[in-house]
Amino acid sequence: ADYQREYLRMTIDSFLVNSDTTLALQRWQALGTDASARLAEISANPGPQDQATITVFSQLIDAAVPAESAPDAQPVPAGNTTPKAMQYILIVLGIIAVGAVAYLAMRVFRPLSSADSPAQQALKHAQSVEKTDFESLGLATPITQSMTTYVLGDDLYDESFSIESQSGEFLGEYGVGISDTIGVGDPKKVTALEIWLFDKNDIKTATKVLMSEHAFNNPEIVQRLEAKGELVLLRPQEPVKLETETLQILVTAADLEYGSGPLPPNSYFDRVTLELAVWPKQAPAVVDAAG
């Protein structure tokens, strides 16, 4: 009896999903003369199942198998023959299902329309920050110049950009991503970012780790990160330069805000906007700009 009840419960759940009346009736008949007793038991004690779904299934049985006990009762044919009463039940069931899905969609997705995700907030902020006019500073125009923003909560932050010559020749790539975090729990508390520069003419990729004030002065964190590249204390408006065989990049924090809370002061970033500008290696003025 226990197994029969579980089998019938699964039959009801399956019918709710696929609305296959032929398959539901075949499974019902497979229970034989005990089927009605098992359904009555389930109706009296629905457990985790929805009572409305059980009622609809019962109506299906009443409508589709009215003469089940008659001596000349015929098995359900293999074809999809749905009685008229069953068609109405399926229509009602479909309306209920569509309404439930629409309601859940409204509840789940409404918050997304009222508030941007951290990644969307970061993109909007990066687009709002004005890029440096290097030409007015006496520097050559960069090959490429990008703005990127990390904000607290963007746990998958990882930006990369392609470097191409004016003729469209691929020269390399550069990017920035999360290097290290501090504390526990979500969202991640980012205490260091990693900047990298790839040059197609160089066998090594240049990397530097841009650290928070707390991380830069913490020997344990320093020891953990020094294998990733040169460690640099990230300060607003202080350029950091990376060089490869034929390329050089200036990375400048256009703005920097630390998070606040139970962690040590200035230990993780709430928001960082970086300006990344790339020149050919033979642009000597960039060296002066980076100090």
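You'll find the structure just up there.
Every value quoted in this text rests on a predicted model; they were computed, and no experiment measured them.

Colleague: I keep staring at the overall build of the chain and nothing clicks. Help me out?
Modeller: What the chain contains, in helices and strands, is 9 helices and 9 strands. Within the chain, the fraction of its 291 residues that count as buried is 37%. Long-range contacts, defined as pairs at least 24 residues apart, comprise 57% of the intrachain contacts of the chain with a sequence gap of at least 6. For the chain, the accessible area works out to roughly 16400 Å², and carbon and sulfur atoms hold 55% of it.

Colleague: How should I be thinking about the pattern of salt bridges in this particular structure?
Modeller: If charged atoms from side chains of opposite charge come close, those side chains can pair. Inspection of the entire model under this criterion finds 10 salt bridges. For R38, the salt bridge goes to E41, with nearest N and O atoms at 2.9 Å. In this pair, R38 and E41 are both assigned in helix 3 (residues 35–44), 3 residues apart and thus about one turn of the helix distant. Classification of E41 as partly exposed rests on a relative accessible area of 30%.

Colleague: Where do I start with unusual backbone geometry in this structure?
Modeller: Most peptide bonds adopt trans geometry, and most residues besides glycine take a negative phi value. Residue P187 is reached from D186 by a cis peptide bond, and omega for that bond is -5°. In this fold, P187 is placed in the loop between strand 3 (170–182) and strand 4 (189–199). Residues other than glycine seldom take positive phi values, yet Q237 does so here, at roughly 65°. Among the structural elements, Q237 can be located in the loop between strand 6 (230–233) and strand 7 (240–243). For Q237, a relative accessible area of 52% gives the class exposed. The phi torsion at N266 lies on the positive side, around 55°, for a residue other than glycine. Within the secondary structure layout, N266 lies in the loop between strand 8 (247–258) and strand 9 (269–280). A residue is classified by how much of its surface remains accessible, and N266, at 26% relative accessible area, is partly exposed.

Colleague: Sorry, what's going on with the sheet that holds strand 7 here?
Modeller: Spatially, the 4 strands line up as an open sheet ordered 1-9-8-7, and their pairing is antiparallel. The open sheet has two free edges, formed respectively by strand 1 (144–151) and strand 7, since each of these has just one partner strand. Put simply, the sheet's adjacent strands are angled 20° from each other on average, direction ignored. Two elements, strand 7 and strand 8, share 4 bridges in a ladder whose sense is antiparallel. By the bridge assignment, K241 is partnered in strand 8 with L250. The strands touched by helix 6 (residues 118–128) are strand 1, strand 8 and strand 9; relative to strand 1, the strand with the most contacts, the crossing angle is about 140°.

Colleague: I keep staring at the packing of aromatic side chains and nothing clicks. Help me out?
Modeller: What characterises a pair of aromatic rings is the spacing of the ring centres plus the angle enclosed by the ring planes. What the rule picks out here adds up to 6 aromatic pairs. The interplanar angle of 70° and the centroid separation of 6.0 Å between the aromatic rings of F15 and F57 together place this pair among those described as edge-to-face. Here F15 is found in helix 1 (residues 2–18), whereas its partner F57 is found in helix 4 (residues 51–64), with 42 residues between them in sequence. F15 sits in the buried class, given a relative accessible area of 2%. Through a chain of ring-to-ring contacts, the aromatic side chains of F15, W28 and F57 assemble into a single cluster.

Colleague: Even after reading the chapter, I still don't get the nonpolar core, so can you show me in this structure?
Modeller: Soluble globular proteins tend to pack their nonpolar side chains together in the buried interior. The biggest cluster of nonpolar side chains holds 27 residues, and the ones touching the most others in it are L193, L210, V251 and L274. Looking at this core, the elements with two or more residues in it are strand 2 (158–164), strand 3, strand 4, strand 5 (206–211), strand 7, strand 8 and strand 9. Every residue in contact with L210, bar those within four places of it in the chain, is listed here: T191, A192, L193, I195, V232, L234, V240, V251, F269 and L274. Membership of the second largest hydrophobic core comes to 17 residues, among which are I42, F57, L60 and I61.

Colleague: Whenever I open this one, helix 6 confuses me. Can you help?
Modeller: Helical periodicity: at 3.6 residues per turn, an α-helix aligns residues three or four positions apart in one direction. Buried within helix 6 are the following residues: A122, H125 and A126. Buried positions in helix 6, seen along its axis, are confined to an arc of 100° and lie on one side of it. For helix 6, the exposed residues lying more than 90 degrees away from the buried face are K124, Q127 and S128. Contact partners of the buried residues in helix 6: strand 1, strand 8 and strand 9.

Colleague: Can you walk me through the side chain of T149 in this structure?
Modeller: Within the secondary structure, T149 sits in strand 1. For T149, the side chain forms a polar contact with the main-chain nitrogen of A126, separated by 3.4 Å. A distance of 2.9 Å separates the side chain of T149 from the side chain of T273, its partner in a polar contact. The residues touching T149, leaving out its near neighbours within four places in the chain, are A122, H125, A126, Y157, R271, V272 and T273.

About the criteria used
- Residues numbered from 1 in each chain as written.
- Predicted model: local features only at pLDDT ≥ 70, side-chain atom pairs only at ≥ 80, totals over all residues.
- Heavy atoms only, no water.
- Helix = DSSP H or I, 4+ residues; strand = E, 2+ residues; numbered from the N terminus.
- Buried < 20%, exposed > 50% of the residue type's maximum accessible area, 1.4 Å probe, protein only.
- Contact = heavy atoms within 4.5 Å.
- Areas by Shrake-Rupley, 256 points an atom, 1.4 Å probe, with all protein chains shown as cover.
- Salt bridge = Lys/Arg side-chain N within 4 Å of Asp/Glu carboxyl O.
- Pairing = 2+ DSSP bridges.
- Axes fitted to C-alpha atoms, helices over the stretch in contact; angles between N-to-C directions.
- Phe/Tyr/Trp six-rings, centres within 6.5 Å; stacked < 30°, edge-to-face > 60°.
- Core = buried A, V, L, I, M, F, W, Y, C linked by side-chain atoms within 4.5 Å.
- Arc of directions from axis to C-beta.
- Polar contact = N/O pair within 3.5 Å; in protein donor to acceptor, adjacent residues only side chain to side chain.

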